[in-house]
Every structure is written in structure tokens, then in C-alpha cells.
Amino acid sequence: MSSLPGAPFLHRRAGELWLEGVRVADLAVRHGTPLYVYSRGAMRAALEPYQRALAARKHLICYAMKANSTLAVLQTFAALGCGFDIVSGGELKRVLAVGGDPARVVFSGVGKTAEEMHFALAAGVRCFNVESESELTTLAEVATQMKRRAPVSLRVNPDVDARTHPYISTGLRGNKFGIAHDRALAVYQRAAQLPGIEVAGIDFHIGSQITDGAPYLEAVDRLLDLVEAVERAGVTLSHIDLGGGLGITYTDETPPPADVLIGAMLERIDARGHGAREILIEPGRSLVGNAGVLLTRVQVLKRGGERNFCIVDAAMNDLVRPAMYNAWMGITPCALRDAEPETWDVVGPICESGDWLGRQRSLTVVEGDLLAITSAGAYAMAMASNYNSRPRAAEVMIDGDAAHLIRRRETMESLYAGETLID
Ligand SMILES: *Cc1c(COP(=O)(O)O)cnc(C)c1O
């Protein structure tokens with residue numbers, strides 16, 4: 001029974017589910033459900049191979065915080081020396097709120113506003129990952145007005161197929177992301193001439209939940225071709241940013257371990273004589289995904305017809321990945337029962353047929369039982385909504401034997417606090 005995603009931090013003792021030194025059922029009683037529970041130890045352990053693979057050279061690991069931007073999660077990674085990859089001014093506010101160092105922040109995203117650029121430049125972010133020529137022009141104007149120079153890396157779209165879900169594939173020519181590979185040299189030449197711009201580096205990010213190392217190596221090769229062309233044209237690039245996107249095991253996926261993947265990319269970089277350059281990397285999901293579970297209680301069992309429905313108190317507003325990406329999430333009882341399993345569609349109470357969490361799952365459950373949805377540390381709470389006027393769940397961070405409530409459950413009053421009636 002050690003096949004739980006997130007093991008060894010997630011494990012069973014006498015049939016009951018524990019995360020680190022805490023029995024998760026106790027948390028559900030104390031804080032109610034649905035409840036997100038994270039393991040700080042699992043986050044540290046997920047970061048360690050990245051740190052180890054990069055230890056021998058100048059580097060910066062920027063946690064891609066859109067995967068899980070809860071303050072205590074950011075605090076955890078800041079304390080471990082990470083910077084952050086942000087995609088909005090709001091995310092920068094969160095970094096500043098936990099005392100994170102803006103000089104370790106890279107700012108990605110295809111639609112940065114002039115206000116966000118101003119805020120980030122004033123805060124002193126490490127680099128803007130620029131995704132279009134228009135953005136470069138606006139950034140130069142903002143910086144010039146502020147009498148500053150904005151450090152810039154161009155996010156190059158290498159046109160490689162990351163072989164993942166189309167919604168989370170970002171490095172193909174037809175995606176909205178990045179500057180086309182064949183335009184990049186000209187854009188660098190222009191950037192080098194622009195007042196207000198200081199060329200700092202180059203980056204790519206080809207997608208998310210990537211389980212195969214080959215597209216990364218292809219992208220590295222394409223990127224190095226460009227680095228060489230850009231530098232022949234007299235523009236210096238001090239860092240190479242390898243993006244994020246490494247997948248995790250939800251069920252039977254076998255992504256390469258982070259240190260193996262990075263080792264292979266560094267080997268390419270060194271072989272082509274670029275070993276002295278600073279390396280940046282932007283992992284998100286792979287640092288937090290398997291550090292979290294979503295606890296939910298079975299409300300209603302509805303047998304018969306074509307299917308059996310196990311209706312739980314978590315829903316697509318808490319965890320949208322199944323509805324949005326057709327994603328498979330592990331679902332396991334918090335206490336094992338000794339009876340024959342039945343086949344269930346595990347669904348939420350929301351008025352949408354898309355409100356499902358798992359289909360055709362073999363489970364032994366009775367009403368009132370507690371289930372854990374595994375691998376729920378990434379793109380789960382961060383994507384939660386209030387659809388159906390459902391307050392967002394509470395979150396708990398476990399550290400050894402200690403359990404810290406890191407976000408209170410929302411109240412209904414807070415949901416409509418910003419609304420007004422018409423006189
Ligand atoms: C989302 C994103 C990441 C992180 O992706 P993961 O799949 O969570 O590792 C990194 N960089 C950029 C630019 C992103 O948009």
C-alpha cells in the first residue's frame with residue numbers, strides 16, 4: 001500500500017490515511033470539509049532534486065506560484081531560497097506580503113498591463129519575460145517614463161510539441177505564448193536599441209504536466225541556436241531560463257525525476273559551450289502537486305440506473321481539473337473498509353454534469369465517509385471559485401506532527417461583501 005501519490009509523506013497506518021505525522025481524518029473533524037491539506041515536508045522534498053542538480057552553478061529556482069499561491073506556501077519556498085515566477089501584479093503583491101525578495105522574481109505572462117509593469121519595475125523584479133513585440137514597446141515606454149531600465153528576457157516559442165493536454169501545451173507555433181523562434185533575433189536586436197530596456201536573458205516554457213524529457217531537450221537545442229545567433233549579432237544574454245512544466249504522477253505517469261531532466265539539459269548546455277551562464281528554472285506543479293490532498297465527505301450515495309453516483313461535498317468549484325482538462329485525480333478513502341468495492345462516479349453537488357471528480361472508481365464507501373483526493377496541491381485551490389455561492393475551502397499545512405490552519409474557510413458574508421443593492 002505504498003503506491004499513494006505523494007508517498008512517503010502520504011501513507012497508511014492501520015488502514016487510516018496520514019500525511020506526515022497527522023491523521024487526516026482528525027483535521028476534517030476539526031476544520032470541516034472540503035479541506036485542503038498540504039505537507040511541508042513533501043514540498044521541501046520536491047524542491048531538493050532541483051537544488052541538487054543546480055548546486056554547482058549560478059542559478060535561481062523561481063517557484064511558478066500560480067500552481068498554489070497561498071501565502072504559507074510562498075513563505076515555505078521563500079525560506080528555502082526560491083524566487084518566484086509570477087504572471088500578474090496580484091501575484092507580486094503576494095510575494096511582497098510574505099517578505100519575498102522581488103530581485104528573485106521573474107514576471108511572465110502574455111497580457112501584462114502598463115500598471116503591472118510599473119508596479120513590478122518599481123518593486124525591482126529580476127526580469128520581465130517578454131512575450132510579444134507590443135509588450136516590449138509598452139515596457140520600454142513605462143521604464144523610460146520612470147527613468148529606469150527594465151531587465152528583459154524574451155520568451156521564445158520554440159515550436160516543439162510537449163505532448164500534453166492541448167490546454168496546457170504552450171510551446172507550439174499555434175499557441176498564444178512567446179515570440180516566434182524566427183522573429184526572436186530581430187526582436188533582440190530591437191530590444192538592445194530601445195531606451196528603457198536592458199537585455200538580460202532568454203527563456204522558454206513549453207507546457208505543463210510534461211512527462212517526457214525529449215521535448216525539453218529539443219527546446220534547449222532550439223534555444224541555444226538562438227543564443228548563438230543573438231550573441232553573434234552583438235547582444236549579450238547572461239541567463240538561460242528553462243521554464244517549468246515537469247509533470248507529476250497522478251496515476252501511472254512516469255515523468256523523469258527533476259534532477260535527471262535538469263542533468264540532461266545542462267549536459268546539452270555544457271556540450272555547446274554555454275556552461276558558464278546562469279540558469280533559471282520555473283517549476284510549479286512538480287513542487288506542490290503531490291504535496292496536497294483535498295478531503296471531502298460523502299453526502300449521498302445514489303445507486304442504480306446506468307451508474308452509481310457518490311455525491312461528495314467537494315465540487316468543481318473546489319477542484320476544476322477533471323471538468324477543465326478531463327484530468328484523472330486519485331480518490332481514496334481516509335479509512336479502509338472491509339467490504340466488496342462498487343463502481344462509483346464521484347461527483348459534486350453543483351448543477352452541472354461537468355461537476356465530477358472521478359469516474360468509474362472502485363471504492364468501498366458509505367454515506368458520511370471521508371475521501372481524500374490525491375495530488376491536489378497544484379492547480380486546485382489556486383483555481384477555486386465561488387460558483388453556486390460556495391465559500392472556498394480552508395487550507396491546512398502540516399509540518400511534522402504540527403498542523404497549521406493557513407487559510408480560514410470563506411464565510412458567505414465575505415462572498416457578497418463587495419456587492420450592493422440598487423436604491
Ligand atoms: C505555468 C507556468 C510555469 C509552471 O508550470 P508547471 O507546469 O506548473 O511547472 C512556468 N513558467 C511559466 C511561464 C508558466 O506560465
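Before reading further, recall that the structure is shown in the block above.
Predicted model only: the values in this text are computed from it and were never measured.

Quick look at helix α7 (residues 181-193) now. Three- or four-residue spacings in an α-helix give side chains the same orientation, since the helix completes a turn every 3.6 residues. Taken together, the buried positions of α7 are occupied by H181, A184, V187, Y188 and A191. Buried positions along α7 lie against α6 (133-145), β9 (150-157), β10 (179-180), β11 (197-203) and α8 (214-232).

As a further point, take the sheet that holds strand β1 (residues 10-13). The sheet built from three strands is open, its strands ordered β1-β2-β3 with antiparallel pairing. This sheet does not close on itself; its edge strands, each paired only once, are β1 and β3 (22-23). Examined bridge by bridge, β1 and strand β2 (residues 16-19) share four bridges and lie antiparallel to one another. Each bridged residue has a counterpart across the sheet, and for H11 the counterpart in β2 is W18.

What follows is about the packing of helix α5 (residues 114-123) against α6. Axis separation between α5 and α6 bottoms out at 10 Å; the angle between their running directions is 55°. Comparing the axis directions of α5 and α6 gives the class oblique. Relative to α6, α5 is oriented so that their crossing is right-handed. From α5, A114, M117, H118 and L121 reach across to α6, where they touch E135, T138, L139, V142 and A143. Looking at the contact of α5 with α6 residue by residue, the class counts come to six nonpolar, two polar and one charged.

This paragraph deals with the pattern of salt bridges. All told, the structure shown has 23 salt bridges when counted by the stated rule. A salt bridge links E278 to K58; the shortest N-O distance between them is 3.7 Å. In this pair, E278 is assigned in strand β13 (residues 278-281) and K58 in the loop between α2 (40-54) and β5 (59-64), connecting sequence segments 220 residues apart. Judged by its relative accessible area of 11%, E278 is buried. Relative accessible area serves as the criterion here: at 59%, K58 is assigned to the exposed category. Salt-bridge contacts for E342 lead to R303; the nearest nitrogen and oxygen are separated by 2.9 Å. Taken together, the positions of E342 in strand β17 (residues 342-347) and R303 in the loop between β14 (292-302) and β15 (309-312) put the pair 39 residues apart, joining distant regions of the chain. For E342, a relative accessible area of 28% translates into the label partly exposed.

Reading the values: rules and limits
- Per chain, residue numbering runs from 1 following the sequence as it is written.
- Where local features are concerned, this predicted model is filtered to residues with pLDDT of at least 70; where side-chain atom pairs are given and counted, the filter is 80 or more; whole-chain, interface and lining totals use all residues.
- Side-chain descriptors were evaluated using all non-hydrogen atoms of the structure, hydrogens and water having been removed beforehand.
- When accessible area is computed with a 1.4 Å probe and restricted to protein chains, residues below 20% of their type maximum are described as buried, those above 50% as exposed, and intermediate ones as partly exposed.
- Helix and strand definitions follow DSSP, with helices as H or I runs of at least four residues and strands as E runs of at least two, each counted in order from the N terminus.
- Whether two residues touch is decided by their heavy atoms; if any such pair falls within 4.5 Å, the residues are in contact.
- Strand pairing follows a simple DSSP-based rule, namely that at least 2 bridges must link the two strands.
- The angle between two axes is taken between their N-to-C directions and runs from 0 to 180 degrees, where each axis is a line fitted to C-alpha atoms and a helix contributes only its stretch in contact.
- Any angle that falls under 35 degrees is termed roughly parallel, while one over 145 is termed roughly antiparallel, one within 65 to 115 roughly perpendicular, and all others oblique.
- Take the far helix as your reference; a near helix turned counterclockwise from it by less than a right angle gives a left-handed crossing, and one turned clockwise gives a right-handed crossing.
- Under this grouping Gly is polar, as are all residues other than the nonpolar Ala, Val, Leu, Ile, Met, Phe, Trp, Tyr, Cys and Pro and the charged Asp, Glu, Lys and Arg.
- Each salt bridge in this description consists of a side-chain nitrogen of Lys or Arg and a carboxyl oxygen of Asp or Glu lying within 4 Å of one another.

Any functional reading would require information that these geometric values do not contain.
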